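Now for the letters of each chain:
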Amino acid sequence: MTSNPDERFDWSAAEAELSDGADVVDLAARRRKTTDPAKSFAVDLDDEADQQDSDEPVPVDPPDLAMSSTFAASLAGKTSTRRPIVPPWLRSRAELASAGRWALSHYSHVSLYHLTRTPKYAGRLTWRAPFGAARLIGATTRWVCDAEGGPVRMAAVRQENAELYLKLSRQRDARVRWRGIVLSIALLIGAPTAAVLMVLAGSWQRWLMLAGAVALLGLAGTPKDKPLLDVAAVTPRARKLSADVVTRAFLAAGLCKADDLITFPAPIMRDGPGWRAIVDLPFWTNADKAIKKRDQLAAGLDLDEVQVWPERVRGSAGSARRLSLWVADEDPYAKGSGLWPLIAKGTVDIFSPVPFGQDQRGRDIPLLLMFTSLLVGAIPRMGKTFAARLPVLAAALDPIVELHVYDGKGGQDWRAFERVAHRVGFGVRDEVVLSLVEDLRALVADMNRRYDTIATLPPDICPESKVTRGISERRSLKLWPVLVAIDEFQRYSGHPVHGEEIVSLLTELCKVGPSVGIMILLATQKPDGKAVPTDLRDNIGTRFALKTMTWQSSEAVLGAGSYTAGYDSSRFQRAHKGVGILLGADDSGSVEEAVTVRTNLAAAKDVETVVTRARELRERAGTLTGHAIGQAPETTTTAGDTLLDDILTVVPAAEAKVWSETVVARLAELRPEVYGAWEPGQLAAALKPHRITVGRQVWGTDPTTGKGANRKGIHRDDIAAAVTERNRHRKAG
Ligand SMILES: Nc1ncnc2c1ncn2[C@@H]1O[C@H](COP(=O)(O)OP(=O)(O)OP(=O)(O)O)[C@@H](O)[C@H]1O
């Protein structure tokens with residue numbers, strides 16, 4: 001089961017041998033001696049010319065380990081990992097503190113639990129004391145009468161062995177005699193001593209003695225199946241890993257065979273609140289396949305899947321077939337989340353990772369939002385908003401970050417950010433959606449300006465053609481980071497008129513915005529290709545999938561291939577709030593690097609606290625702008641920008657044709673500052689560049705007279721077709 005190191009080839013020993021000047025010829029010669037001559041391909045390296053002439057195959061397998069010629073070389077080859085003298089949990093301050101916290105809370109709970117039950121335990125002991133006394137008398141009598149020898153004597157009687165019986169009876173008489181004497185002496189000394197003590201003792205000592213006697217008798221009278229103390233804490237079922245248990249699981253999962261078992265390059269040991277086994281799989285399989293079979297491994301270990309965590313071991317200590325299997329003592333997500341560490345104090349540098357949550361072992365998993373975008377997806381009530389708010393709170397604590405916050409639901413979840421955000425929007429009323437569209441258009445335009453500005457910066461200031469903290473802090477350059485956070489994104493992306501444009505603008509921002517400091521955060525409770533189209537999703541570098549209903553929804557968040565790589569957020573339980581699969585947090589973006597994270601908690605009151613601190617920071621830095629200081633958004637809109645969308649907004653899909661005068665009146669109502677003075681002729685002129693004719697006669701009803709008539713108007717389909725065409729052009733670049 002465990003690997004035999006002698007059977008493995010030691011490359012470094014062989015290399016050391018060669019570099020030490022070992023005679024190559026000799027080496028090959030020795031090798032020939034130890035291999036089967038019939039099968040050996042080894043040739044003398046000195047005879048290379050001969051070798052090329054004779055078409056003999058070139059050796060590819062290395063020299064034998066057993067031939068290591070020098071002691072030093074063999075020592076140099078020992079690359080085994082040394083196990084730490086002080087266990088890691090004792091060296092890690094965090095783990096030590098967590099163990100200390102656990103011990104303190106556990107034992108104080110147990111003590112308090114039993115302390116409050118003292119009267120109950122006293123009652124139990126008093127009730128059981130007579131039984132204990134009876135047991136004591138019975139046991140003493142049996143001892144004195146040598147009751148334990150009874151069955152042997154009876155056996156002698158049954159066998160009619162008179163000689164044996166007489167021998168046993170004599171032995172019994174002798175025993176009873178000296179035991180009787182011992183008991184009499186004990187009674188003669190013990191009883192008067194007890195009586196004297198009772199007389200001499202004060203009243204409380206008397207009571208103490210009585211209580212002690214009752215307690216002892218009560219304990220003696222306690223039945224085996226009814227312990228005196230109640231259970232203060234139920235210990236969950238923990239699986240102690242052993243080589244046999246792990247091998248059985250891998251066999252059951254089809255990851256090794258009875259004649260080709262897994263090996264253990266390191267001992268199985270405790271690691272945090274669980275066990276860790278490092279496993280080398282057989283050569284014909286690999287660690288990625290094992291990760292995909294997590295549920296089968298869990299079944300083989302007879303545990304819930306949530307306790308079983310296979311991971312690839314990477315780097316020089318790793319191999320594609322080396323797996324680290326961590327098995328938690330209990331469901332790691334059964335306990336509540338820790339509070340977000342920046343609630344009460346601390347600031348943030350958005351260019352560095354910010355606290356986000358912990359993995360299954362309780363290790364901190366930070367999140368780097370700069371130069372990436374984040375997508376959060378989950379079914380409702382699983383912690384999507386809580387998770388999405390954390391990076392925005394972090395960004396708020398860095399005063400140079402400009403916040404744009406939109407919430408498609410429009411409830412209380414994001415209102416606190418009004419005090420620090422440059423732009424906000426709640427709900428999906430027309431003006432909010434239009435304001436989002438305008439905001440995104442302005443950001444796309446600003447993105448180009450940002451690139452132009454960066455292009456003018458000398459390489460010593462801007463070495464990588466992207467913003468740095470130093471560049472962002474120069475207010476005159478206007479290159480500060482911008483975070484656009486949109487919760488319930490499906491409500492905006494599914495908007496009948498502006499949805500398509502919102503998606504295409506965001507795709508553009510996700511594609512080219514990160515280098516110039518524009519970050520996008522989208523959260524949706526409808527993770528599918530409709531709410532978050534693939535083109536947009538694929539341009540989002542970091543993704544976080546909390547519980548979803550199906551593996552398809554999980555893939556819609558995490559990306560194609562995540563399910564086959566073994567990542568499926570639909571397997572989370574409803575109780576696992578705030579738990580999700582995080583992809584790309586380490587900047588690799590590779591599906592294999594996904595980690596399961598339980599987010600830190602920041603409830604509504606905590607959000608208020610953080611936003612208050614963030615506002616103070618921003619006031620001090622002089623970076624409060626826009627909505628936060630009551631400035632209305634700069635209207636960059638002219639009629640030409642949004643006319644087509646505005647017409648689709650005011651003409652519902654059910655109204656196929658509508659008079660120009662009606663359209664103009666409704667437009668004026670929607671945006672009086674833009675269309676207030678418009679006449680039908682102006683509408684016709686404005687639509688001309690889009691090759692839409694207003695001259696068509698349209699049947700309609702006059703709202704004042706109620707009479708039907710044919711007048712000049714538009715067909716809604718023409719407008720919709722023009723919008724589709726425009727969006728197509730924009731997408732194409
Ligand atoms: N990390 C966490 N640990 C424990 N509970 C959490 C965590 N995150 C969220 N919750 C709980 O989950 C509940 C739902 O969270 P949240 O409001 O973020 O869900 P949601 O997915 O945004 O729901 P909806 O889509 O309906 O808005 C919250 O009331 C909160 O108590």
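Residues numbered from 1 in each chain as written. Predicted model: local features only at pLDDT ≥ 70, side-chain atom pairs only at ≥ 80, totals over all residues.

### Re the overall build of the protein chain
And step 1. Helix and strand counts for the protein chain stand at 26 helices and 17 strands.
And step 2. In the protein chain, the proportion of contacts linking residues at least 24 apart, taken out of those at least 6 apart, comes to 68%. (Helix = DSSP H or I, 4+ residues; strand = E, 2+ residues; numbered from the N terminus. Contact = placed C-beta atoms within 7 Å.)

### Quick word on the sheet that holds strand 16 (residues 696–701)
And step 1. Strands sit in the order 15-17-16 across an open sheet of 3 strands; the sheet is antiparallel. Two strands in the sheet have a free side with no partner beyond their single neighbour: strand 15 (657–659) and strand 16. Direction aside, neighbouring strands of the sheet carry axes that sit 65 degrees apart on average.
And step 2. Contacts from helix 23 (residues 660–670) reach strand 15, strand 16 and strand 17 (708–715), with the element oriented near 80 degrees to strand 15. (Pairing = 2+ DSSP bridges. Axes fitted to C-alpha atoms, helices over the stretch in contact; angles between N-to-C directions.)

### Re the site of the ligand
And step 1. Neighbouring the ligand are 16 residues, the closest being Ser337, Gly383, Lys384, Thr385 and Gly578.
And step 2. If you list the elements that add at least two residues to the shell around the ligand, you get helix 14 (384–396) and strand 14 (595–599).
And step 3. The greatest single-element share of the shell around the ligand, amounting to 3 residues, is contributed by helix 14.
And step 4. Of the residues contributing to the shell around the ligand, the split by class is 5 nonpolar, 7 polar and 4 charged. (Near = placed C-beta within 6 Å. Nonpolar A, V, L, I, M, F, W, Y, C, P; charged D, E, K, R; others polar.)

### What to know about unusual backbone geometry
And step 1. The phi dihedral of Asp146 falls on the positive side, at around 50 degrees, and the residue is not glycine.
And step 2. Note that Asp146 resides in the loop between helix 7 (118–144) and helix 8 (150–158).
And step 3. Overall, Asp146 belongs to the partly exposed group, with 17 C-beta atoms counted inside 10 Å.
And step 4. Even without glycine at this site, Lys478 takes up a positive phi of about 55 degrees.
And step 5. Tracing the backbone through its elements, the reader meets Lys478 in the loop between helix 16 (469–473) and strand 10 (482–487). (Buried ≥ 20, exposed ≤ 12 C-beta atoms within 10 Å, placed from the backbone.)

### Structural notes on the packing of helix 7 against helix 10 (residues 203–220)
And step 1. Their axes nearest at 6 Å, the elements helix 7 and helix 10 cross at an angle of 70 degrees. When the axis of helix 7 is compared with that of helix 10, the two are roughly perpendicular. Along the contact surface, helix 7 presents Arg124, Leu125, Thr126, Arg128, Ala129, Gly132, Ala133, Arg135 and Leu136, while helix 10 presents Val214, Ala215, Leu217, Gly218, Leu219 and Ala220.
And step 2. Tallied by class, residues from the contact of helix 7 with helix 10 come to 9 nonpolar, 3 polar and 3 charged. (Parallel < 35°, antiparallel > 145°, perpendicular 65-115°, else oblique.)

### Some details on the pairing of strand 14
And step 1. Of all 5 residues that make up strand 14, 4 are buried, and the element is covered over most of its length.
And step 2. As judged from the 2 bridges shared by strand 5 (residues 354–358) and strand 14, these two strands associate in the antiparallel manner. Directly across from Gly357, in strand 14, lies its bridge partner Thr599.

### Description of helix 7
And step 1. Over its 27 residues, helix 7 extends 37 Å from the first C-alpha to the last, a length consistent with the 39 Å expected when each residue adds 1.5 Å.
And step 2. At Ala129, helix 7 shows its largest kink, close to 40 degrees, and the proline Pro130 lies no more than four residues downstream.
And step 3. What helix 7 keeps buried is the set Leu125, Arg128 and Gly132.
And step 4. Those residues of helix 7 that are buried are in contact with helix 10.
And step 5. Asp146, located one to two residues past helix 7, shows a positive phi value of around 50 degrees. (Expected span 1.5 Å × (residues − 1). Bend = angle between axes of the 7 residues up to and from the residue.)

### A word on the packing of helix 11 (residues 243–252) against helix 13 (residues 294–301)
And step 1. Direction vectors running N to C along helix 11 and helix 13 enclose 135 degrees, while the axes themselves pass 8 Å from each other. Here helix 11 lies oblique to helix 13, going by the angle between them. The element helix 11 and its partner helix 13 pack so that their crossing is right-handed. The segment helix 11 lies against helix 13, with Val245, Arg248, Ala249, Phe250 and Ala252 engaging Gln296, Leu297, Ala299, Gly300 and Leu301.
And step 2. Its residues assigned to classes, the contact of helix 11 with helix 13 comprises 7 nonpolar, 2 polar and 1 charged. (Left-handed = near helix turned anticlockwise from the far one by under 90°.)

### Let's talk about the nonpolar core
And step 1. Val392, Ala396, Leu403, Phe417, Leu483 and Leu521 are the most contacted members of the largest nonpolar core, which has 94 residues in total.
And step 2. A per-element tally of this core places helix 14 first, with 9 residues.
And step 3. Within the second largest apolar cluster, 24 residues are counted, among which are Ala253, Ala298, Trp309 and Leu323. (Core = buried A, V, L, I, M, F, W, Y, C linked by C-beta atoms within 7 Å.)

### Brief notes about the pairing of strand 12 (residues 542–545)
And step 1. Neither face of strand 12 is open: one carries Thr542 and Phe544, the other Arg543 and Ala545, and all of them are buried.
And step 2. Two elements, strand 7 (residues 374–377) and strand 12, share 4 bridges in a ladder whose sense is parallel. Note that in strand 12 the partner of Leu374 across the bridge is Thr542.
And step 3. One ladder, built from 3 bridges, connects strand 12 with strand 13 (residues 579–583); its direction is antiparallel. The residue bridging Ala545 from the neighbouring strand is Ile581, located in strand 13.

### Details of the sheet that holds strand 3 (residues 308–312)
And step 1. Taken in spatial order, the 4 strands of this open sheet run 1-2-4-3, and their pairing is antiparallel. If you trace the sheet from one side to the other, it starts and ends with strand 1 (269–270) and strand 3, each paired once.
And step 2. Where strand 3 meets strand 4 (residues 322–328), 5 bridges bridge the pair, whose relative direction is antiparallel. Across the sheet, the residue bridging to Trp309 is Trp326, located in strand 4.
And step 3. Across the sheet, helix 13 is in contact with strand 3 and strand 4; its angle to strand 3 comes to roughly 130 degrees.

### What about helix 20 (residues 551–558)?
And step 1. Judged by how many residues are buried, helix 20 sits mostly within the fold: 6 of 8 residues are covered.
And step 2. All buried positions along helix 20 are accounted for by Ser553, Ser554, Glu555, Ala556, Val557 and Leu558.
And step 3. The elements touched by buried residues of helix 20 are strand 7, strand 12 and strand 13.
And step 4. Residue Gly559 follows helix 20 closely and has a positive phi angle near 105 degrees.

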